[in-house]
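One-letter residues, chain by chain:
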Protein chains: 2
Amino acid sequence: MNSVKAFAPATVANVACGFDIFGFAIEEPGDVVELSRRDEPGIVITSIIGDEGRLPRNAEKNAVTVVMLHLLKHLRIKDLGCEVILHKNMPLGSGMGSSAASAVAGVVAMNELLGNPLTREELLPFAMEGERIASGSAHADNVGPSLLGGFVVIRSYTPLDIFTIPVPEDLYCTLVHPDIEINTKDARFILRNEVSLKNTIAQMGNVAGLVAGLMKADYDLIGRSMVDVIIEPVRSILIPEFKEVKQAAISNGALGCSISGAGPSMFALSRGIDNARKAGEAMQKRFAEAGIEAGLHVSAINKNGAMVLAE
Amino acid sequence: MNSVKAFAPATVANVACGFDIFGFAIEEPGDVVELSRRDEPGIVITSIIGDEGRLPRNAEKNAVTVVMLHLLKHLRIKDLGCEVILHKNMPLGSGMGSSAASAVAGVVAMNELLGNPLTREELLPFAMEGERIASGSAHADNVGPSLLGGFVVIRSYTPLDIFTIPVPEDLYCTLVHPDIEINTKDARFILRNEVSLKNTIAQMGNVAGLVAGLMKADYDLIGRSMVDVIIEPVRSILIPEFKEVKQAAISNGALGCSISGAGPSMFALSRGIDNARKAGEAMQKRFAEAGIEAGLHVSAINKNGAMVLAE
């Protein structure tokens with residue numbers, strides 16, 4: 001095979017109560033990576049479309065190629081020559097798992113180019129290295145769902161233990177991206193290192209409730225469990241109008257609403273696509289009233305994750 | 001109706017990772033409460049069997065009758081006269097939910113005597129008042145499962161939000177009670193009020209894993225998730241031979257093993273009754289090697305909770 005194209009979807013990490021342990025993928029948008037073999041050895045980024053020139057073009061510094069270099073090193077392949085085109089279809093630093101989508105599309109494309117020596121699950125640690133380059137922390141709550149699809153739980157990081165749980169058929173995600181930017185490193189920096197035992201217990205109760213709610217298809221329980229007493233109270237101060245936008249979502253049909261990843265994007269979960277759209281429009285409108293333009297995506301939960309696209 | 005008899009089972013609270021939010025009931029042992037109407041108003045404890053004279057006989061100070069008084073007050077019944085006999089069939093301060101079993105048997109018996117004005121679920125806040133008297137804290141992780149049966153999750157205490165999740169058919173509990181005593185108030189007192197964010201995340205991952213493992217009937221995941229990085233490291237120092245007994249359980253077929261409630265009882269979960277027995281015998285033997293006698297109970301998860309017994 002001489003060329004390949006792969007798509008990896010945007011993701012919502014944390015999902016209210018599940019900081020660093022929950023994430024799910026949506027249908028759209030997603031990044032696309034094109035790979036073509038070339039005669040000289042080495043990986044070269046020939047073009048990045050949609051990043052406004054902001055991402056590094058050096059293959060050793062960009063998440064999309066760092067994951068390929070890790071994969072090639074693991075497979076002891078030294079002489080591969082390859083040109084990379086990255087189509088960035090989502091904003092950077094948006095809380096939509098932008099760096100994860102690039103890393104996952106990159107590693108899936110490279111694995112395909114090589115004839116799929118590794119399984120999807122085996123690609124995960126390589127994709128996580130992309131996150132380390134992009135955000136300083138090799139977390140899996142974006143790359144996991146972007147790679148595998150579905151609602152992903154990371155039970156443990158050492159050793160890595162990740163699994164998916166079923167989601168109800170009629171669950172839809174609203175993702176609203178206000179046109180402001182938060183650096184993931186900053187968003188981690190402001191978190192406190194200690195949590196009260198009381199808040200830990202409350203958060204564990206909501207984690208248990210969200211898993212059970214999704215698996216039982218109990219929409220009310222899903223909504224009641226979308227409560228984050230640890231991270232949201234701190235990070236939401238970085239998002240103008242957070243409380244009002246959240247209230248707009250819930251008053252307009254959403255089961256619950258919180259920050260997507262490190263923000264500033266906000267997500268809601270709703271029963272039925274009509275509620276998801278109505279909630280999204282209300283959120284967008286509330287941002288607009290404060291003079292903030294916001295992009296809107298309404299989507300089912302993506303069950304399949306990254307895809308190799310037809311040549 | 002002039003007399004009634006009710007049984008409420010022993011329970012395992014916390015279940016490794018789920019401090020204050022998880023609990024399940026076992027089949028045996030359990031406390032039995034007998035109520036008989038009498039002509040004079042007022043609730044009188046006429047006999048307690050099996051407590052070696054240690055529980056208060058004053059109806060306003062014993063969990064078994066405090067719950068009845070709360071229920072009568074709620075129902076605005078002032079003139080009821082009633083004699084109470086309590087059969088204590090499990091040791092006090094054992095971590096087997098002894099006070100919860102008495103409180104639940106008491107409130108279920110009284111509700112039955114009155115013709116069941118309240119549902120099972122509605123009795124929960126009254127049973128929790130029994131825990132407040134007995135341990136200083138109105139937690140629900142023992143009274144919930146003793147009352148309702150099954151594997152119980154307390155998502156939230158304010159407002160109270162409790163639900164049950166299915167457990168795999170072939171899951172068995174081993175409960176080993178070493179002949180030492182820990183006061184629940186002391187066991188709470190030694191806990192730290194702050195938890196590191198890192199440990200909070202690890203614990204949330206295990207909470208999610210245990211709920212998903214139980215609901216998927218994924219026994220390996222259940223075992224991997226029975227990890228408590230917050231409470232067990234502190235409370236286990238109160239239990240002699242804790243590490244060795246835990247290791248004996250896991251080396252002899254248990255999926256996982258931890259402290260039952262506030263201890264000193266230890267529980268294990270296993271796939272199949274044979275593994276549960278083998279693990280229990282190994283745990284008992286390990287305690288015996290340290291000169292500690294230990295009682296052993298092997299049981300399926302109790303699906304029905306408290307029962308009114310035939311007259």
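Residues numbered from 1 in each chain as written. Chains lettered and ligands numbered in written order. Predicted model: local features only at pLDDT ≥ 70, side-chain atom pairs only at ≥ 80, totals over all residues. Heavy atoms only, no water.

As recorded by an unreviewed UniProt entry, chain A carries the name Homoserine kinase and is attributed to Dyadobacter arcticus. The UniProt entry for chain A carries this comment under Function (unreviewed entry): "Catalyzes the ATP-dependent phosphorylation of L-homoserine to L-homoserine phosphate." Taken from UniProt, the Catalytic activity (unreviewed entry) comment for chain A reads in full: "L-homoserine + ATP = O-phospho-L-homoserine + ADP + H(+)". (UniProt positions renumbered as here; feature names shortened; annotations may be inferred.)

Asks: Hey, could you run me through the domain arrangement of chain A in this one?
Replies: You'll often see interface size given as the accessible area lost when the parts meet. Residues and elements named next belong to chain A. Along its sequence, chain A is carved into domain 1 (3-165 + 302-309) and domain 2 (171-300). One C-alpha centre belongs to domain 1, the other to domain 2, and the line joining them spans 24 Å. Every contact between the two is made by 33 residues of domain 1 and, on the other side, 35 residues of domain 2. With both sides pooled, the region where domain 1 packs onto domain 2 buries about 2500 Å², and carbon together with sulfur makes up 67% of that total. For the domain 1 face of the interface with domain 2, the top three residues by lost area are Ala16, Cys17 and Phe19, together amounting to 24%. In this structure, the connection of domain 1 to domain 2 is made through zero salt bridges. Scanning the region where domain 1 abuts domain 2 turns up eight residue pairs in polar contact (both at pLDDT 80 or more). For the side of domain 1 that touches domain 2, the secondary-structure elements that each account for two or more residues are strand 1 (3-13), strand 2 (22-37) and helix 3 (124-135). Among the elements that take part in the side of domain 1 that touches domain 2, strand 2 stands out by supplying seven residues, more than any other. Along the lines of polarity and charge, the residues of the side of domain 1 that touches domain 2 split into 18 nonpolar, eleven polar and four charged. (Domains from an automatic or database assignment. Contact = heavy atoms within 4.5 Å. Buried area = accessible area lost by both parts, 1.4 Å probe. Salt bridge = Lys/Arg side-chain N within 4 Å of Asp/Glu carboxyl O. Polar contact = N/O pair within 3.5 Å; in protein donor to acceptor, adjacent residues only side chain to side chain. Helix = DSSP H or I, 4+ residues; strand = E, 2+ residues; numbered from the N terminus. Nonpolar A, V, L, I, M, F, W, Y, C, P; charged D, E, K, R; others polar.)

Asks: Would you mind showing me how to read the packing of aromatic side chains here?
Replies: Between two aromatic rings, the relevant description is the distance of the centres plus the angle of the planes. Counted according to the given criterion, the structure contains six aromatic pairs over all chains. Cluster of aromatic residues (ring-pair linked, three or more members): Phe22, Phe24, Phe151 and Phe267 of chain A. (Phe/Tyr/Trp six-rings, centres within 6.5 Å; stacked < 30°, edge-to-face > 60°.)

Asks: Would you explain the interface of chain A and chain B in this entry?
Replies: Counting residues at the interface gives 39 residues for chain A and 39 residues for chain B. Buried area between chain A and chain B, both sides added, is near 2900 Å², and the carbon and sulfur share of it is 69%. For the chain A face of the interface with chain B, the top three residues by lost area are Arg155, Leu197 and Met204 of chain A, together amounting to 24%. One can count four salt bridges joining chain A with chain B. Residue Arg224 of chain B is joined to Asp161 of chain A by a salt bridge in which the shortest nitrogen-to-oxygen separation is 2.6 Å. At the boundary of chain A and chain B, one finds twelve residue pairs in polar contact (both at pLDDT 80 or more).

Asks: Help me out: how do you make sense of the relation of the copies chain A and chain B in this one?
Replies: What relates the pair of chain copies is a rotation about an axis plus a shift along that axis. Mapping chain A onto chain B calls for a rotation angle of 180 degrees and an axial translation of 0.0 Å; the resulting RMSD is 0.0 Å. The relationship between the two copies is best expressed as a two-fold rotation axis. Here 100% of the contact residues of chain A are again contact residues in chain B; the copies associate through an equivalent surface. (Least-squares fit on C-alpha atoms with pLDDT ≥ 70 in both.)

Asks: Please clarify how the UniProt feature "domain: GHMP kinase N-terminal" (unreviewed entry) in chain A should be interpreted in this entry.
Replies: Residues given the UniProt feature "domain: GHMP kinase N-terminal" (unreviewed entry) here are residues 65-150 of chain A. Secondary structure across residues 65-150 of chain A divides into 51% helix and 8% strand, with the first and last C-alpha atoms of the span separated by 25 Å.

Asks: Hey, could you run me through empty space enclosed by the protein in this one?
Replies: Regions of empty space are outlined by a rolling probe, equal in size to a water molecule, passed over the atoms. With the rule as written, the count across this model stands at two cavities of 30 Å³ or more. Empty space within the largest cavity amounts to approximately 50 Å³. As for the largest cavity, its lining consists of Asn14, Ala16, Phe19, Asp228, Ile231, Glu232, Arg235, Ser258, Ile259 and Gly261 of chain A. Of all the secondary structure elements, the ones that give two or more residues to the lining of the largest cavity are helix 8 (232-235) and strand 9 (254-259) of chain A. Both domain 1 (3-165 + 302-309) and domain 2 (171-300) of chain A contribute no fewer than three residues apiece to the lining of the largest cavity. What the second largest cavity holds in volume is close to 50 Å³. As for the second largest cavity, its lining consists of Asn14, Ala16, Asp228, Ile231, Glu232, Arg235, Ser258, Ile259 and Gly261 of chain B. Among the secondary structure elements, those contributing two or more residues to the lining of the second largest cavity are helix 8 (232-235) and strand 9 (254-259) of chain B. (1 Å grid on protein atoms, 1.4 Å probe; cavity = no way out; pocket = protein on both sides within 12 Å on 5 of 7 lines; lining within 4 Å. Points joined across faces, edges and corners; volume = space filled by probe spheres on them.)

Asks: Looking at this structure, I do not really get the state of the cysteines. What am I missing?
Replies: By definition, a disulfide is the covalent link that joins the sulfur atoms of two cysteine residues. Enumeration over the complete set of coordinates arrives at zero disulfides over all chains. Free of any disulfide, Cys257 of chain A has its nearest neighbouring cysteine sulfur in Cys173 of chain A, separated by 9.9 Å. (Disulfide = S-S within 2.5 Å.)

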